[in-house]
Amino acid sequence: MRITVLSGGIGGARFIEGLKAALGPDDEITVIANTADDIWLFGLRICPDLDTVMYTLGNGIDPERRWGRTDESWQVKEELAAYGAEPTWFGLGDRDLATHIIRTQMLHEGKTLSQATARLTQRWDTGVTLLPMSDDFVETHIAIDGDSGREVIHFQEYWIRLRASVPVREVIAQGAETAAPAPGVVEAILGADVVILPPSNPIVSVGTILSVRGIRDAVLATKAPVVGVSPIIGAGAVRGMADQLLQGLGIEISAASVGLHYGSRRDGGVLDAWLVDTADAGAVATLEAAGVAAEAVPLYMNDAVTTRQLAVDTLSLARRIGAPAH
Ligand code: GDP
Ligand code: CA
């Protein structure tokens, strides 16, 4: 089986770990990672979601933080702070910096982000093909109410420095309209047997991937079933701060409304099917009425067993609906 996953960082990476455990050696996973979280800092190109997926699947991730490297130290960060260098709020570990240095060097040599990613993943035995969504510059910016009116800041500043604590007025995926899918991305979606939207942030992870026109068109066109997993259980995001973002955009924080926000492919949306948690079983009828096949199963990825089971349930829902006639 060929499975293609549109992933953000932590939620996506965890799900893909389960998917790897659920699949056999002949199955192929392609991960298309969000790159709109990317940011230039101290002359280096940082790609948080690509790196979270790479480190998680390659067993190099810090197991508690779930981002950055194992056995990390922070001497460079301390030295930068001693110089009074800004920003101080972004976590750049010493080991992690090596990744950013190699990536940036390759970009300066004229290589693409795809090429840099392929080079970096050579070291990590990820067991998947990891592709950036685009080699073009796309950056998520967030409009908030500043002291003197509307202010637009980088997503990372909103997320990390402000801890997503102020209302969101607009999410701007800068560059997305003109960005082209990276090599292999459209082929991976069109040639897949199953396309999965894992429990990643629907606005700033999967949403930004889908804001690249060529990717959205491929998801609309693929003959594979497109199955999503809700990142919302009950009335909140499981981990992380997705609820503040959804609220700011006027989307109710529930598994059903996020599923409806993605929409049924029958009506120009991106989903054929949507998994909700057993706590949200009441949403199944609403979703099915809107043309999204739905099932309620446990969605907490607490450990290797529950995470693998979630992947098994996702694949069996895909099998149940089969290739939809669009
Ligand atoms: P980020 O880029 O690091 O923010 O990670 P993602 O976008 O891939 O995933 C973030 C989302 O994962 C959050 O909105 C959480 O609600 C969701 N999430 C985290 N852990 C779980 C879990 O155990 N189950 C489910 N269903 N969602 C989860
Ligand atoms: Ca992210």
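Details of the structure are given in the entry above.
Read on for a plain summary of the structure. Every chain is numbered on its own, with residues counted from 1 as its sequence reads. In the order they appear in the text, chains get letters beginning with A and ligands get numbers beginning with 1. The model is predicted, so local features are restricted to residues of pLDDT at least 70 and side-chain atom pairs to those at 80 or more, both for listing and for counting; the totals for chains, interfaces and linings are taken over all residues. As a rule here, side-chain values cover all heavy atoms of the structure and leave hydrogens and water aside.

Focus: the nonpolar core
Condition: Buried Ala, Val, Leu, Ile, Met, Phe, Trp, Tyr and Cys residues form a nonpolar core when they are joined through side-chain atoms within 4.5 Å. Think of it in three bands: residues with accessible area under 20% of the maximum for their type are buried, residues over 50% are exposed, and the middle band is partly exposed, with areas taken using a 1.4 Å probe on protein chains only. Helix and strand assignments come from DSSP, with helices taken as H or I runs of at least 4 residues and strands as E runs of at least 2, each series counted from the N terminus. Contacts: residue pairs with any heavy atoms within 4.5 Å of one another.
Core analysis: the largest hydrophobic core is formed by 56 residues, its most contacted members being L6, Y158, I189 and Y262. Among the elements that line this core, the one with the most residues is helix α11 (residues 255–262), at 4 residues. Apart from the residues lying within four places of it in its own chain, the contact partners of Y262 are L197, S200, P202, V206, L210, G269, V270, L271 and W274.

What to know about the coordination of the calcium ion (ligand 2)
Quick reminder of the rule: Each metal site is built from N, O and S donor atoms within 2.8 Å (3.2 Å for Na, K and Ca), and since water is not included, such sites may look incomplete.
Ligation of the calcium ion (ligand 2) by protein atoms is provided by D37 (OD), D49 (OD) and D49 (OD), these donors lying 2.0 to 2.6 Å from the ion. Remark: D49 occurs in helix α2 (residues 48–57) and D37 occurs in the loop between β2 (28–33) and β3 (39–41); sequence separation between them is 12 residues.

Notes on the pairing of strand β9 (residues 194–197)
Our working definition: A pair of strands is treated as paired once DSSP finds two or more bridges between them.
Every second residue of β9 is oriented toward a common face, with V194 and I196 on one face and V195 and L197 on the other, all of them buried. Note that strand β1 (residues 2–7) and β9 share 3 bridges and pair parallel. Bridge pairing in β9 places T4 opposite V195. Alignment of β9 against strand β10 (residues 226–229), held across 3 bridges, turns out to be parallel. Across the sheet, V195 pairs through a bridge with V226, a residue of β10.

Some points on the environment of E72
Defined as follows: In protein, a polar contact means a hydrogen-donor-capable atom and an acceptor-capable atom, both N or O and within 3.5 Å, with residues adjacent in sequence counting only if both atoms are side-chain atoms; elsewhere, any N or O pair within 3.5 Å suffices.
Following the sequence through the fold, E72 ends up in the loop between α2 and α3 (75–82). By relative accessible area, E72 is classed as buried at 15%. The spatial distance from the C-alpha of E72 to the C-alpha of N59 is 14 Å, given a sequence separation of 13 residues. Not counting residues up to four positions away in its chain, the partners in contact with E72 are R65, G93, D94, R95 and D96. There is a polar contact of 3.0 Å between the side chain of E72 and the backbone nitrogen of D96.

Concerning the site of ligand 1
Here is the rule: We call a residue near a given molecule or strand whenever any one of its heavy atoms falls within 4 Å of it. Shrake-Rupley sampling with a 1.4 Å probe provides the accessible areas, and residues are treated as covered by the protein chains on show and by no other component. Here the nonpolar group is Ala, Val, Leu, Ile, Met, Phe, Trp, Tyr, Cys and Pro; Asp, Glu, Lys and Arg are the charged ones; every other residue, Gly included, is treated as polar.
Around ligand 1 lies a shell of 19 residues, among which S200, S205, P231, R239 and L299 are the nearest. A distance of 2.8 Å separates an oxygen atom of ligand 1 from a polar atom in the backbone of G9. A distance of 2.6 Å is found between an oxygen atom of ligand 1 and a side-chain nitrogen or oxygen belonging to S200. For ligand 1, whose accessible area on its own is 590 Å², the fraction buried by protein is 93%. The leading source of residues in the shell around ligand 1 is helix α1 (residues 10–22), at 3 residues. Looking at the shell around ligand 1, its residues break down into 9 nonpolar, 8 polar and 2 charged.

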